[in-house]
Amino acid sequence: MTVTRAAARIAAVLAATFTAAAFSQTTLRIGLAEDPDVLDPTLARTFVGRIVFAALCDKLVDIDEKLNIVPQLATSWEWSKDQKSLTMKIRPGVTFHDGEKLDANAVKFNIERHKTMQGSNRRGELAPVASVDVVDPMTVRLNLAAPFAPLLAQLADRSGMMVSPKAAQAAGEKFGAHPVCSGPFKFVDRVAQGRISLERFPNYWNKAAIHFDKVTYEPIVDSTVRLANLKSGQLDFIERVAPSDMPALKNDSKIKVARIVEIGYQGITFNINKSDLAQKHPAGKDARVREAFEAALDRDAIVQVAMEGEAVPGNQWVAPSNGWYAKNLPIPKRDVAKARKLLAEAGVPNPSFTLMTPTTSDAQRLAQVVQAMVAEAGFDVKIQATEFSTSLDLADKGQFEAYVLAWSGRADPDGNIYSHLVTKQPLDYSGYANPEFDKLITESRATNDTTQRAKLFAEAAALEHRDRPIVYLYHRHWLWAYTSKLSGFHMVPDGMVRLQNMRLAR
Amino acid sequence: MAAAIPANGIAVPRELSPWQRALRRLVRRRGAMVGLAVVVFFVVLALFAPWISPYDPLATSWSAVRKAPGAAHYFGTDEIGRDVLARVIWGARASLMAGVISVSISLAIGVPIGLAAGYIGGWLDMLISRFTDAMLACPFLILAIALAAFLGPSLANAMIAIGIAATPIFIRLTRAQVLAVKVEDYIEAARAVGNSQLRIALRHVFPNIVAPLIVQATLAIAAAVIAEASLSFLGLGQQPPAPSWGSMLNTAKNYVDQAPWMAVWPGLSIFLLVLSFNLLGDGLRDALDPRHV
Amino acid sequence: MFRFLVRRLAAIVPTLFFVSILIFGLQQLLPGDPAIAMAGEERDPNVVAYLRGKFHLDEPLPVRYGYWLKGVLHGDLGDSVRIQRPVSELIVEKLPVTIELALLAMTIAIVIGISAGIVSAVFKDTPVDYAANVFALWGLSTPNFWLGILLILLFAVKLGWLPASGYVSPFEDLRANLASMIMPAFVLGNAFAAVLMRHTRSAMLQVLSSDYVRTARAKGLDERVVVLRHALRNALTPVITLGALGLGELLSGAVLTEQVFSIPGFGKLIVDAVFNRDYLVVQGVVLFTATVYVTLNLVADIANVLVNPRMRG
């Protein structure tokens, strides 16, 4: 064998070894149910975008599975005596993906960016923050106009995400095309409506907890196809498994499933005051009709049939297992006789109204089950399938009678109540305008005392029960499925996929 | 058109008219006959649905959710306990209507416009042709989706959307046929005799362009049934609880593992109906266009 | 020839103008305030107001059309609100994907369609004819999305031969790219195969019964030579025109196929944009594809005239 031939052989072997080493990188491949929108925490507006952020952008604080606030980029915090300022200590030694340091100035920059950037979706969330002071290089103080209890919960989401000031200033509004944050993974590239690729950030402050070299997110809208990808081994992890697929997965030894109750809810919103239509249909005019409607519902059966049991029945803005649930207002049992009696009292034995239903399969199944159920009490519910974007617009204008609407939920119950039920708030589609209710919720924001807040929420819940602008039906399970080679997945009710401590066996 | 009488006055057996000859050719083509038979079968199914259907297609039953085919339910039940056979039978109505009504709309709008463009010509023709080109340059399904989204999700709106989106094909076909026929001798003759434009258009031009329209219409019905199913996939077609094969298939795709019967029957029905319309259309084309024999 | 060219070119301008009005109208008339649809879950009134201003949503329709058209003529198709990137950038990024899918689908369509057409014509009115017919037609007789899902379940889940969905760039991994494209290309090409079959069959039948071929047969030429050399050549002439037509059909079919197989091409882009009311994306992409379609048609017409001067009409 000539020298050149031998050299070539050696080179080939070496090359093979090195490429083998390169290929022994671990990549976690995740399947998403939708395509995320812009990857800029200030502008982002979708639930699914937050899943990518969980790997890309760390936040000041995070929540655990019990919805307690835990440290992330901030190590400790303290409210002032008058509850009007929050002093936070920043974790030392944290750098952004571009090498810039995270310090108090960076935090101030970010909060101000969230508040002032054109098109920012965080302005409403951070409205109570009047100003930010840099106390010392690693301590920052947020000054509020008035006490605002839900603030920490806001900082556990996009409002608390920190981006590199240098990169943000350089990119301006194009920042989302190449985000630079401080999370465990940094942005590599993104095919629009296709794969988002991230790679490990070697200087992550908690790098010991990260066991992947790369993460990819692939949006696959159809749940059947998404699951097929998992089964065929092309994906390692998928979110939002269809409830109908869960029973079969139980018997699949190569796949593990996980479920946890969400912090949101699924309910039916009635137009009781949003527009003139409220007075034109029986369910909007008379609270007794709404009470009869609720009495005709068997939430357990709804959950069984419409959601294959992958939900828990509920009748408040938080689930019964949630600490904020008002235990004195339990879920009523179905009582068709009572329903008929109420309808007779109200003088409308056969009320008829239109139920605006988005064209998603969950909403449609729910609507059909409800329609059939309340028919037994005399209700004539007409299902009006409406495309989702259109339905939002119609709801905003009050051009509906009843609306099947779900809410993804926020860690603090205020996030499930304020925008939806306080007078003239953007998501108050029912048009509910009760000054007593408003006062209770406003007070609940003004104190950090959990006992006091619980009392206020319970009183507000009682009012909601009496007036029923929204009939809450159930709280869905977040459903995940992943290869049995994956371990360490930590379920949190906000539906996020936190990559810390997850491991993929070979 | 009467049979020709030879000049020497000797009687000869009557020739068959072109329509009768075409019919003979059609009958001889077995594929088309099978297609016709299947179409008729489904039409009968749709017409007599209230009497044939074993159950109310909307009747839910919590205890009979996703039961496999058996004695009580020949085709099984769906995800909220409705009988699949009943829904397939009633769904024939929706799917057939989706096909026939959409195409009727296309014909009703497209043929008069095409006639006008071809016969009158001039700037009217130019305007219509450019607009038709524009519609054809946009992908058919995109037009249908945008129209259906505009009108709102329902079977009726889907039919209108599909009908409008398919109109340019008929405009163009009609126009091309009119242009070909316009220069024929019998048109010249009719004009020379003093017939009005309208009379010429309706009595002389139209009957001679009908054949390719029939063929195209048959094939378009097939495409329209598929289009309704496609719109249902996106949530824009027939809305629940009313059944249509397309929306049944859309729901069933989520249950292919646990309840395959939910998808098999509507899928098979769509396949058979659309295939049959295609075979029938091809057969008609062979039969009606003498050049294609 | 020159006059013909000028006339045809002149026809393109009004066509594209109509396309722009058509697609603009369809998007703007969609119910629902685009600003609300784009504003996200929290529906912050500040964001809604900002979006309304940015997209001139409070101005009358013709004015908005004017803004958009002016941008188009300067090469600026606007930005996608949802992902904050210029529409033109999205088009450039997705064009190769769509072209690859269309070419693969066209190849499959040609292979299936033309061979089925040949067989069907040569063995006319025999069971082989019917079998070839049904074989080519079955792609047209099943909804795209359904066929796609069945294929995924069979080839990806049960057999594991192919990836279930997704797209890999050919520059990254050619084998994976082809593996990910073959099923969607098959689903797409299937439907168009029927169109090609019909055309091939009728063109061949036309020639096979003509005097020219009868003479060739009488001369004692081998049947295969007759078929392949003479009849087929006649059948293939209008292929150019069919190719242009095919692009339109394929793009239509791609809309659902890309959804099911998660191929990031134009089809998926447009559908998502319609539902998210990201209307600048829809308008820009449709205008682009319409321009390509019209141009291809023009090229086909020119090619036809060059090949067959009698067609100048």
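What you see as residue numbers is a count from 1 along each chain, following the sequence as written. All chains are assigned letters beginning with A, and all ligands numbers beginning with 1, in the order in which they are written. It should be noted that, the model being predicted, local features are given only for residues of pLDDT at least 70 and side-chain atom pairs only at 80 or more, the latter also being counted only at that level, while totals for whole chains, interfaces and linings use all residues.

Draft legend 1. The overall build of chain B, seen in detail. Secondary structure elements are taken from DSSP: a helix is a run of H or I of four residues or more, a strand is a run of E of two residues or more, and numbering for both begins at the N terminus. Broken down by element type, chain B carries 11 helices and 0 strands. Taken from the N to the C terminus, the helices and strands of chain B come in the order α-α-α-α-α-α-α-α-α-α-α. Dimensions of chain B along its principal axes, counting C-alpha atoms only, are 80 × 50 × 30 Å. Think of it as a crowd count around each C-beta: if 20 or more other C-beta atoms lie within 10 Å the residue is buried, if 12 or fewer it is exposed, and in between it is partly exposed, with C-beta placed from the backbone throughout. Counting the 293 residues in chain B, one finds 53% classified as buried. We call two residues in contact when their backbone-placed C-beta atoms lie within 7 Å. For chain B, the proportion of contacts with a sequence separation of at least 24, taken over those separated by at least 6, is 70%.

Draft legend 2. Representation of the packing of helix H4 (residues 84-120) of chain B against helix H7 (residues 155-182) of chain B in the model. Residue and element names in this part refer to chain B. Packing of H4 against H7 leaves a shortest axis separation of 5 Å and a crossing angle of 35°. Where H4 crosses over H7, the handedness of that crossing is right-handed. For this classification, the nonpolar set comprises Ala, Val, Leu, Ile, Met, Phe, Trp, Tyr, Cys and Pro, the charged set comprises Asp, Glu, Lys and Arg, and every other residue, Gly included, is treated as polar. Of the residues in the contact of H4 with H7, the class split is 25 nonpolar, 8 polar and 3 charged. For every element, the axis is a line fit to its C-alpha atoms; helices are fit only across the contacting stretch, and the angle between N-to-C directions ranges from 0 to 180 degrees. By convention the crossing between two helices is left-handed if the near helix lies anticlockwise of the far one by an angle smaller than a right angle, and right-handed if it lies clockwise.

Draft legend 3. Looking closely at the interface of chain C and chain A. Contacts between the two partners involve 42 residues from chain C and, on the opposite side, 39 residues from chain A. Counting only elements with at least two residues in the side of chain C that touches chain A, the list comes to helix H2 (34-38), helix H3 (45-54), helix H5 (87-122), helix H7 (144-158), helix H11 (239-261) and helix H12 (266-275) of chain C. By residue number, the principal contributor to the side of chain C that touches chain A is H7 of chain C, which donates 5 residues. Looking at side-chain class alone, the side of chain C that touches chain A contains 21 nonpolar, 10 polar and 11 charged residues.

Draft legend 4. Layout of the nonpolar core. To count as a nonpolar core, a set of buried Ala, Val, Leu, Ile, Met, Phe, Trp, Tyr and Cys residues must be joined through C-beta atoms within 7 Å. Core analysis: the largest hydrophobic core is formed by 259 residues, its most contacted members being Ala144 and Ile145 of chain B together with Ile270 of chain C. Ignoring anything within four residues of it in the chain, the contact list for Ala144 of chain B reads Ala161, Ile162, Ala165, Ala227 and Leu231 of chain B. Counting residues in hydrophobic clusters, the runner-up holds 78 residues, among them Tyr265, Leu405 and Ile441 of chain A together with Ala37 of chain C.

Draft legend 5. The arrangement of the sheet that holds strand E4 (residues 74-79) of chain A in detail. Residues and elements named next belong to chain A. In space, the 4 strands of this open sheet follow the order E4-E5-E7-E6, with antiparallel pairing throughout. Two strands bound the open sheet, and with one partner strand each, they are E4 and strand E6 (129-136). Here the average twist between neighbouring strands, direction ignored, is 20°. Paired strands, in this sense, are two strands between which DSSP finds at least two bridges. Across 5 bridges, strand E5 (residues 85-90) lies against strand E7 (residues 139-144) in antiparallel orientation. Each residue of the ladder has a partner; that of Thr87, found in E7, is Arg141.

Draft legend 6. Region of the structure containing the interface of chain C and chain B. At the junction of the two partners, chain C supplies 43 residues and chain B supplies 37 residues. When residues of the side of chain C that touches chain B are traced back to their parent elements, those giving at least two are helix H1 (2-28), helix H6 (127-137), H7, helix H8 (174-208), H11, H12 and helix H13 (279-307) of chain C. The element that contributes the greatest number of residues to the side of chain C that touches chain B is H1 of chain C, accounting for 9 residues. Residues belonging to the side of chain C that touches chain B are distributed by class as follows: 31 nonpolar, 11 polar and 1 charged.

Draft legend 7. Geometry of the environment of Ser120 of chain C. Residue and element names in this part refer to chain C. Note that Ser120 resides in helix H5. Of the residues examined, Ser120 has 27 C-beta atoms within 10 Å and is grouped as buried. Considering only alpha carbons, one finds Ser120 and Asp173, 53 residues apart in sequence, at a separation of 39 Å. For Ser120, the contacting residues outside a window of four places in its chain are Asp129, Ala132, Asn133, Met197 and Arg201.

Draft legend 8. Quick peek at the pairing of E7 of chain A. Residue and element names in this part refer to chain A. The two faces of E7 differ: Val140, Leu142 and Leu144 on one face are buried, but Thr139, Arg141 and Asn143 on the other face are not. As judged from the 6 bridges shared by E6 and E7, these two strands associate in the antiparallel manner. Its bridge partner lying in E7, Asp133 is registered against Arg141. Linking E6 back to E7 in an antiparallel pair, the connection comprises 2 residues.

Draft legend 9. Looking closely at the environment of Ile21 of chain C. Along the chain, Ile21 of chain C falls in helix H1. Counting along the chain gives 72 residues from Ile21 of chain C to Glu93 of chain C, while the straight-line C-alpha distance between them is 25 Å.

Draft legend 10. Summary view of the pairing of strand E16 (residues 380-386) of chain A. All names here are of chain A. Buried residues dominate E16, accounting for 5 of its 7 residues. Pairing of strand E15 (residues 352-358) with E16 involves 7 bridges; the strand directions are parallel. In the sheet register, Leu355 faces E16, and the bridge partner there is Ile383. As a crossover connection, the stretch from E15 through helix H13 (residues 361-375) into E16 is right-handed. Throughout, right-handed denotes a crossover for which the path from the first strand over the helix to the second runs clockwise when the strands point away from the viewer.

Draft legend 11. Fine view of unusual backbone geometry. One non-glycine residue, Gln193 of chain A, lies in positive phi territory at about 65°. Phi is positive for Ser262 of chain C, close to 55°, though the residue is something other than glycine. Residue placement: Ser262 of chain C occurs in the loop between H11 and H12.

Draft legend 12. Structural context of the environment of Leu280 of chain B. Residues and elements named next belong to chain B. Tracing the chain through its elements places Leu280 in helix H11 (residues 261-288). For the pair Leu280 and Pro69, spaced 211 residues apart in sequence, the C-alpha separation works out to 32 Å. With residues up to four places along the chain from it excluded, the contact list for Leu280 reads Ala32, Gly35, Leu36, Val39 and Thr218.

Draft legend 13. Main features of the packing of H4 of chain B against H11 of chain B. Residue and element names in this part refer to chain B. Interhelical geometry of H4 versus H11 gives an angle of 30° and a closest axis separation of 10 Å. In this structure, H4 meets H11 at a crossing whose hand is right-handed. Contacts between H4 and H11 involve Val84, Val88, Gly91 and Ser95 from the first element and Trp261, Met262, Trp265, Pro266, Ser269, Ile270 and Leu273 from the second. Of the residues that constitute the contact of H4 with H11, the class distribution is 8 nonpolar, 3 polar and no charged.

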